[in-house]
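The primary structure of each chain is shown beneath.
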There are 2 protein chains.
Amino acid sequence: MMKKRIKLLVLALSFAGAIPLSFGQQTETAIDDFRPSSLNQPGKEFPQVNSQGYARFKIEAPAADSVRVSLGLGGRGGTKLTKADDGTWMGTTEGPMDEGFHYYHVNVDGGIFNDPGALNFYGSVRWESGIEIPAHDQEFYALKDVPHGHVQQILFPSKSTDTSRRAFVYTPPGYEQNQAEKYPVLYLQHGWGEDETAWTNQGHANLIMDNLIAEGKSKPFIIVMTYGMTNEIKFGGLRNFDITPFQTVMVDELIPYVDKNFRTLADASHRAMGGLSMGGMETKQITLNKPDTFSYYALLSGGTYAPDDIKDKSDVNLIFISCGSKENPERVNEATEALKKAGLNAVSYISEGTAHEFQTWRRSLHQLAPLLFKN
Amino acid sequence: MMKKRIKLLVLALSFAGAIPLSFGQQTETAIDDFRPSSLNQPGKEFPQVNSQGYARFKIEAPAADSVRVSLGLGGRGGTKLTKADDGTWMGTTEGPMDEGFHYYHVNVDGGIFNDPGALNFYGSVRWESGIEIPAHDQEFYALKDVPHGHVQQILFPSKSTDTSRRAFVYTPPGYEQNQAEKYPVLYLQHGWGEDETAWTNQGHANLIMDNLIAEGKSKPFIIVMTYGMTNEIKFGGLRNFDITPFQTVMVDELIPYVDKNFRTLADASHRAMGGLSMGGMETKQITLNKPDTFSYYALLSGGTYAPDDIKDKSDVNLIFISCGSKENPERVNEATEALKKAGLNAVSYISEGTAHEFQTWRRSLHQLAPLLFKN
């Protein structure tokens, strides 16, 4: 009853303020085919998702006064859970969520916690809960019965930061057996508040590559992912961002370690750099600062290049620029057209129906990989 | 004031019941040199530990009525936090904790959540919060400026469970460069409620090996860690435990994959199996069922072998049995003596001042590794 009254109040306020909200999704009834999210902790029944993309949450906190989940339709403060007689709190999003991966957390009596049912993923400079809304195209990042590459945790020495730094290295299927073969390398960066675990945990980069390689759609190559928040941006904003510390780690420390410890084709014509969001910003600056290091550039929801940015066109084999259709696709397409007109090999990709989230970046990697190392 | 009254009540009850409790630690004042735990999430100030081994917690939940932390001195229901004016809840353990790693969680108004300040570790069939009490011997698992091995995530095909299963593989420093060298392998299992991430995340197995190898104290070898809860024990008890499903995964699927994809010395004389707690139980059963597969056996807080268990002494190069001094050291020492008397190469190790926790197992691996693959 309390819930109904609140909804009516919201309706009244909305009409009074003449805010153009669509209520179609709110009144629609969620189909009752909810199943545990594929990203739940082993054996946990909640959170759940249904075939329409609704998410349903269940949190135990018998003595709490208020439990909310940060995930829900935009701008409405997430999803408020209501208490059942057994002391559990339950609630369903007011409508379907976008396909793919979403970060979220739970607010219990004013404190921010993770959902004990969900796995955790590093984003927003903390380990957040994650939920997976099944996507129509989820096959391309599914775990299939194909040969699987390995993902290695390496600890590489970094004099500039006076420590051993962590990176993850994807080696493609066959890497161990084909001892004579050398491989090109993609350096792939996460976004602000994420870390070097994001591209495999949230992005399934390894499974995307395993599947593409099994289908013969991509050359086998190595992917290297490391932590990109090395300076004052660590827990602050991007305003005073200085690329130098991270560029030193990447170009002077990580790349030499990888070229020494893995069977790489160690030249710019076999080296790509890409990144999502802040990682795109880093990619743009480092590729332009170090034209002799990389020849394939990829910005995923991470800005654009202008033709004038490129000093020598012969340094560049490919520029790939992407984003979700709910971001700024016009800017991505216009920038790509301008680069093409200037004679550069530029490709754009727009992920349909997705925003600044990992489904956009999974799809972007899936589009990018087949274009890499063809020269 | 409330807190004092409760303490007095506890005292009264204890004396009344004549329970021999030591209150020395409770009345001792914690030295105010608290620092963030080394296992905190990046940038998080709490939880903290002091030089004596006290742990201090701070949880934000302004509207909560009750916040408790499961960690604290045994049998007293953990540590009750008290609310400050700013809406945060704080509390310190009543005394020093054992050295090393501890799992814990937070109870907020009757709901179980993780501490948003701490990293998460898989234990008790859930991702739990973890805290590290600095140990006097912590150097042996510290991240040092030495050559580091890699830890690879592999996905190996498993017909018996109809999926690709995950394992982690530690390859020692130099593995990539020394292409002609082949290595012995230790198969190392986690305990009940843990998973294949435990030995590197909680146990720092990779750093222990890096440091031992750098000091010339251990031969370089490969370590393989996979998930051992493959059957009905998954979320239940160990009563109806059947080793067959896991033995099939380990012996018929994982070992052939590892021998195919890594440069291993693929025979029993270069293969060890060890495990902690439930992993020790698995080790005992599999090594005895498959005497042609392994020749080095290690039980870490995971039971003992009797001389009669061993059918052919020539199958066994080493039996290593360990536990914490707060477990059952007499049983471990007696069993080892009996094995020695029967002519077996048996070694026991007791970790001083620790219980059924990871500090016992870190130290056990540190003792075990130098003894392996010497024949």
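Everything numeric here is computed off the predicted structure, so don't read it as measured data.

Rules used throughout
Residue positions within a chain follow its written sequence, with the count starting from 1. Numbering of ligands from 1 and lettering of chains from A proceed in the order in which they are written. Where totals are concerned, whole chains, interfaces and linings use all residues; where local detail is concerned, this predicted model gives features only for residues with pLDDT of at least 70, and gives and counts side-chain atom pairs only at 80 or more. Side-chain numbers come from the whole structure's heavy atoms, not from hydrogens or water. A run of DSSP states H or I qualifies as a helix once it reaches four residues; a run of E qualifies as a strand once it reaches two. Both are numbered from the N-terminal end. Remark: exposure states derive from per-residue accessible area (1.4 Å probe, protein chains only) relative to the maximum for the residue type, with buried under 20%, exposed over 50%, and partly exposed in between. Any two residues having at least one pair of non-hydrogen atoms within 4.5 Å are treated as being in contact. Residues adjacent in sequence count toward polar contacts only when both atoms are side-chain atoms; beyond that, a polar contact is any pair of N or O atoms within 3.5 Å, and within protein one must be able to donate a hydrogen and the other to accept it. Centres within 6.5 Å are what make two rings of Phe, Tyr or Trp a pair, Trp counting through its six-membered ring; a difference in plane orientation under 30 degrees is then read as stacked, over 60 as edge-to-face, and the rest as tilted. Each ring is checked for a lysine NZ or an arginine CZ that lies within 6 Å of its centre and within 35 degrees of its normal; such an atom marks a charge sitting over the ring. Buried area is understood as the total, over both parts, of accessible area removed when two parts are fitted together, assessed with a 1.4 Å probe. In this classification, the charged set is Asp, Glu, Lys and Arg, the nonpolar set is Ala, Val, Leu, Ile, Met, Phe, Trp, Tyr, Cys and Pro, and all remaining amino acids, among them Gly, are polar. Any two strands with at least two DSSP bridges between them are considered paired. When the copies are superposed, the least-squares fit takes in the C-alpha atoms of residues with a pLDDT of at least 70 in both. In the cavity and pocket records, a cavity denotes points on a 1 Å grid over the protein atoms alone where a 1.4 Å probe fits but cannot get out, a pocket denotes an open set with protein on both sides within 12 Å along at least 5 of 7 lines, and lining residues are residues with an atom within 4 Å of a point. Grid points are joined across faces, edges and corners, and a volume is the space filled by probe spheres set on the points. A crossover counts as right-handed when, viewed with the strands pointing away from the observer, the path leading from the first strand over the helix to the second turns clockwise.

Engineer: Hey, could you go over the overall build of chain A for me, with residue numbers and the actual values?
Structural biologist: The helix and strand inventory of chain A stands at eight helices and 20 strands. Looking at the 375 residues of chain A, the share that counts as buried comes to 55%. For chain A, restricting intrachain contacts to residue pairs at least 6 apart in sequence, the fraction spanning at least 24 positions comes to 66%.

Engineer: If you had to explain the side chain of Arg 363 of chain A to someone new, which residues and values would you point to?
Structural biologist: All names here are of chain A. Assignment of secondary structure puts Arg 363 in helix α8 (residues 358–368). Reaching out from Arg 363, the side chain makes a polar contact with the backbone oxygen of Glu 352 at a distance of 2.9 Å. Filtering out sequence-adjacent residues up to four positions away, Arg 363 remains in contact with Glu 99, His 136, Asp 137, Phe 140, Tyr 349, Ser 351, Glu 352 and Thr 354.

Engineer: Any chance you could break down the packing of aromatic side chains for me, citing the residues and the numbers?
Structural biologist: Where two aromatic rings form a pair, the distance of their centres and the angle of their planes describe that pair. Residue and element names in this part refer to chain A. One pass over the structure, following the stated rule, counts 31 aromatic pairs over all chains. Between Phe 156 and Tyr 257, the aromatic rings sit 6.5 Å apart at their centres with planes inclined by 45°, giving tilted as the arrangement. Here Phe 156, found in strand β13 (residues 150–158), pairs with Tyr 257, found in helix α5 (residues 244–261); they are 101 residues apart in sequence, far enough to count as distant. Counting every residue linked through ring pairs, the aromatic cluster contains Phe 101, Tyr 103, Phe 121, Trp 199, Phe 358 and Trp 361. Here Arg 56 stacks its cationic end above the ring of Phe 34, 3.9 Å away from the centre of that ring.

Engineer: Could you give me a rundown of the interface of chain A and chain B, with the residues and numbers involved?
Structural biologist: Counting residues at the interface gives 48 residues for chain A, matched by 48 residues for chain B. For the pair chain A and chain B, the summed buried area comes to about 3,700 Å², and 51% of that belongs to carbon and sulfur atoms. The three residues of chain A that bury the most area against chain B are Phe 113, His 150 and Leu 155 of chain A, which together make up 15% of that side's buried surface. Applying the counting rule to chain A against chain B returns 15 residue pairs in polar contact (both at pLDDT 80 or more). Listing elements by their share of the side of chain A that touches chain B, those giving two or more residues are β3 (55–60), β10 (111–113), β11 (120–123), β12 (126–133), β13, β14 (163–171), α4 (205–214) and α5 of chain A. Sort the elements by how many residues they give to the side of chain A that touches chain B and β13 of chain A lands first, with six residues. Per-class residue counts for the side of chain A that touches chain B are 22 nonpolar, 17 polar and nine charged. In this sheet, strand β13 (residues 150–158) of chain B lies alongside β13 of chain A in antiparallel orientation, the contact comprising three bridges. Pairing of Val 151 of chain A across the sheet is with Gln 153 of chain B, part of β13 of chain B.

Engineer: Can you tell me about the environment of Gln 367 of chain B, naming the residues and giving the values?
Structural biologist: Residue and element names in this part refer to chain B. Its location among the elements puts Gln 367 in helix α8 (residues 358–368). Separated by 20 residues in the primary sequence, Gln 367 and Val 347 place their C-alpha atoms 9.7 Å from one another. Ignoring sequence-local partners within four residues, the contact set of Gln 367 consists of Phe 320 and Tyr 349.

Engineer: Residue-level account of the relation of the copies chain A and chain B, with values.
Structural biologist: With an RMSD of 0.0 Å, the operation that places chain A on chain B is a rotation of 180° combined with a shift of 0.0 Å along the axis. Here the copies are linked by what is in effect a two-fold axis. Ranked by how close their C-alpha atoms come to the rotation axis, the residues of chain A are headed by Gln 152 of chain A, at 1.9 Å. In this assembly, 100% of the residues forming the interface of chain A have copies in chain B that are likewise at the interface, indicating an isologous arrangement.

Engineer: A description of empty space enclosed by the protein should follow, citing residues and the corresponding values.
Structural biologist: Rolled over the atoms, a probe sized like a water molecule indicates the empty space that remains. Scanning the model with the defined rule gives two cavities of 30 Å³ or more in all. Space inside the largest cavity adds up to approximately 50 Å³. Every residue along the wall of the largest cavity is listed here: Gln 41, Asn 114, Asp 115, Pro 116, Ala 118 and Asn 120 of chain A together with Ile 112, Phe 113, Asn 114, Arg 126 and Trp 127 of chain B. When contributions to the lining of the largest cavity are tallied by element, the ones reaching two or more residues are β10 (111–113) and β12 (126–133) of chain B. When grouped by side-chain class, the residues that make up the lining of the largest cavity number five nonpolar, four polar and two charged. What the second largest cavity holds in volume is close to 40 Å³. Forming the boundary of the second largest cavity are Asn 114, Arg 126 and Trp 127 of chain A together with Gln 41, Asn 114, Asp 115, Pro 116 and Asn 120 of chain B.

Engineer: A description of the pairing of strand β20 (residues 346–351) of chain A should follow, citing residues and the corresponding values.
Structural biologist: All names here are of chain A. Two strands pair when backbone bridges link them, and strand β19 (residues 318–324) and β20 are joined in this way by six bridges, in the parallel orientation. Bridging across to β20, Cys 323 finds its partner in Ile 350. Note on the crossover from β19 through helix α7 (residues 329–341) to β20: the handedness is right-handed.

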